[in-house]
Amino acid sequence: MEKKLDQSEIDSLFASVRAGVAVDADVPVAATEPAVKKDAFNFSRAGQISNEQMKAISTVNDLFARNLTNNLGAWLRSQFQVTLVSGEQMMYSEFLERLPAVTYLCSARLEPLDALGVVQMDLTLAPPMVDLLLGGNGRAGPLREPTDIEEQILMSVMEIVVRELNGAWQPVGLKFASERREKEAQVARLMPLAEKTLCVSFEIRMPDAQGVLNLCLPAVVLNTILRRLIGEDRPRRRSGEARARLSGLMGEVKFGAVLQFPPMRLNARELSELEPGKVLRLPLPRHAMAELRVGGLPIFQAQAVRSGEHRGAQVQGFGADAERAGAG
């Protein structure tokens, strides 16, 4: 029996073939399984920062924004607000493409990783900062390259930015050291263009101007700081055997200890007449107790005793409690 297909079934048949779905001639086209949509894997997106990791990074950058707001604002003696806007992973070439034509770029060495990062600030913020530091009211000015004197002032501002970066990132073992101002052509050579970077953007608001401060960190830094940040956020679980072993090892730790008499006054003549074999009478009651200090900290009240060929400390109690017990 000849099988006839209408136009809609023919169209569906060709669509299924193009999608790579096997079609049985004896099975109606409507009964074939729909094609599964497949997306090509983009290797450039491998190793993207997860939401958990970005949250940990945002905590550090929020601390930096607050500290910079307080300290740089106090130095400028003006209203100054820094707000974390975004943090995203991108290629270094993409970061360079986003830079404005006229901007302030400073390289920063990242220790102990021996890598370089980039700090970028919009030059719209330069005129009011310079005006404030020269005794003005912080008026905005035209967008232009800074003069030599303004360069020195802006470098001082950048040193404060780097100092606050150190304060925020120190817990993860990352230290920033400002290098120098870089031209756009020089910045392009600081990292490979295909290098993955973390770009963190901050908005800076002043009474008469606002702009953006960007921090660009290379992938080698990401790998290090993310392991430390996430490792600190996750509670560490130890087995009972590991805890027992740790407790045993801690039991072998030695601390400096000393049995110390309470403060007293001695006659200068008696001290000057001291010589080997002479007994020095101490102005202490018979039952006066000494203080047992461990690691330099007063812990117990104790009495000096003898144990065979050794001297010892007979612990009476903790601090003032032992004194009251001795007095009773």
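Above this text sits the structure in question.
Below is a short write-up of the structure. (Residues numbered from 1 in each chain as written. Predicted model: local features only at pLDDT ≥ 70, side-chain atom pairs only at ≥ 80, totals over all residues. Heavy atoms only, no water.)

What about the pattern of salt bridges?
Okay, step 1: Tallied over the full model, the rule gives 11 salt bridges.
Okay, step 2: Here lysine 278 and glutamate 273 are joined by a salt bridge, their closest N and O atoms 3.5 Å apart.
Okay, step 3: You can call lysine 278 partly exposed: its relative accessible area is 42%.
Okay, step 4: For glutamate 273, a relative accessible area of 41% translates into the label partly exposed.
Okay, step 5: A cluster of three or more residues bridged by salt bridges with shared partners is formed by Glu88, Glu94 and Arg98. (Salt bridge = Lys/Arg side-chain N within 4 Å of Asp/Glu carboxyl O. Buried < 20%, exposed > 50% of the residue type's maximum accessible area, 1.4 Å probe, protein only.)

Here we look at the nonpolar core
Okay, step 1: Counting 47 residues, the largest nonpolar core has Leu68, Phe80, Trp169, Phe176 and Leu213 as its most contacted members.
Okay, step 2: Where this core is concerned, the elements lending two or more residues are α2 (51–76), β2 (103–111), β3 (115–122), α4 (126–133), α5 (148–169), β5 (196–206), β6 (209–218) and α7 (219–233).
Okay, step 3: Those residues in contact with phenylalanine 80 that lie beyond four places of it in its chain are Leu68, Thr69, Leu72, Gly73, Met129, Ile204, Arg205 and Met206.
Okay, step 4: Judged by nonpolar contacts, the second largest core, of 11 residues, contains Leu96, Val118, Val187 and Cys199. (Core = buried A, V, L, I, M, F, W, Y, C linked by side-chain atoms within 4.5 Å. Helix = DSSP H or I, 4+ residues; strand = E, 2+ residues; numbered from the N terminus. Contact = heavy atoms within 4.5 Å.)

A closer look at the environment of threonine 124
Okay, step 1: With respect to the helices, strands and loops of the structure, threonine 124 is situated in the loop between β3 and α4.
Okay, step 2: Classification of threonine 124 as partly exposed rests on a relative accessible area of 33%.
Okay, step 3: For the pair threonine 124 and alanine 140, spaced 16 residues apart in sequence, the C-alpha separation works out to 7.6 Å.
Okay, step 4: Setting aside residues up to four positions removed in sequence, threonine 124 forms contacts with Leu143, Ala209, Gln210 and Gly211.
Okay, step 5: Only 3.2 Å separates the side chain of threonine 124 from the backbone oxygen of glutamine 210, close enough to count as a polar contact. (Polar contact = N/O pair within 3.5 Å; in protein donor to acceptor, adjacent residues only side chain to side chain.)

Examining the packing of aromatic side chains
Okay, step 1: One pass over the structure, following the stated rule, counts 2 aromatic pairs.
Okay, step 2: Relative to phenylalanine 202, the ring of phenylalanine 64 has its centre 5.1 Å away and its plane inclined at 70°; by these criteria the two rings are edge-to-face. Placement of phenylalanine 64 in helix α2 and of phenylalanine 202 in strand β5 is noted, with a sequence separation of 138 residues between them. Like phenylalanine 64, the residue phenylalanine 202 is buried in the burial classification.
Okay, step 3: Their ring planes at 20° and their centres at 6.1 Å tell us that tyrosine 92 and phenylalanine 95 sit as a pair that is stacked. Placement of the pair is tyrosine 92 and phenylalanine 95 together in helix α3 (residues 92–97), with a separation of 3 residues, close to one helical turn. (Phe/Tyr/Trp six-rings, centres within 6.5 Å; stacked < 30°, edge-to-face > 60°.)

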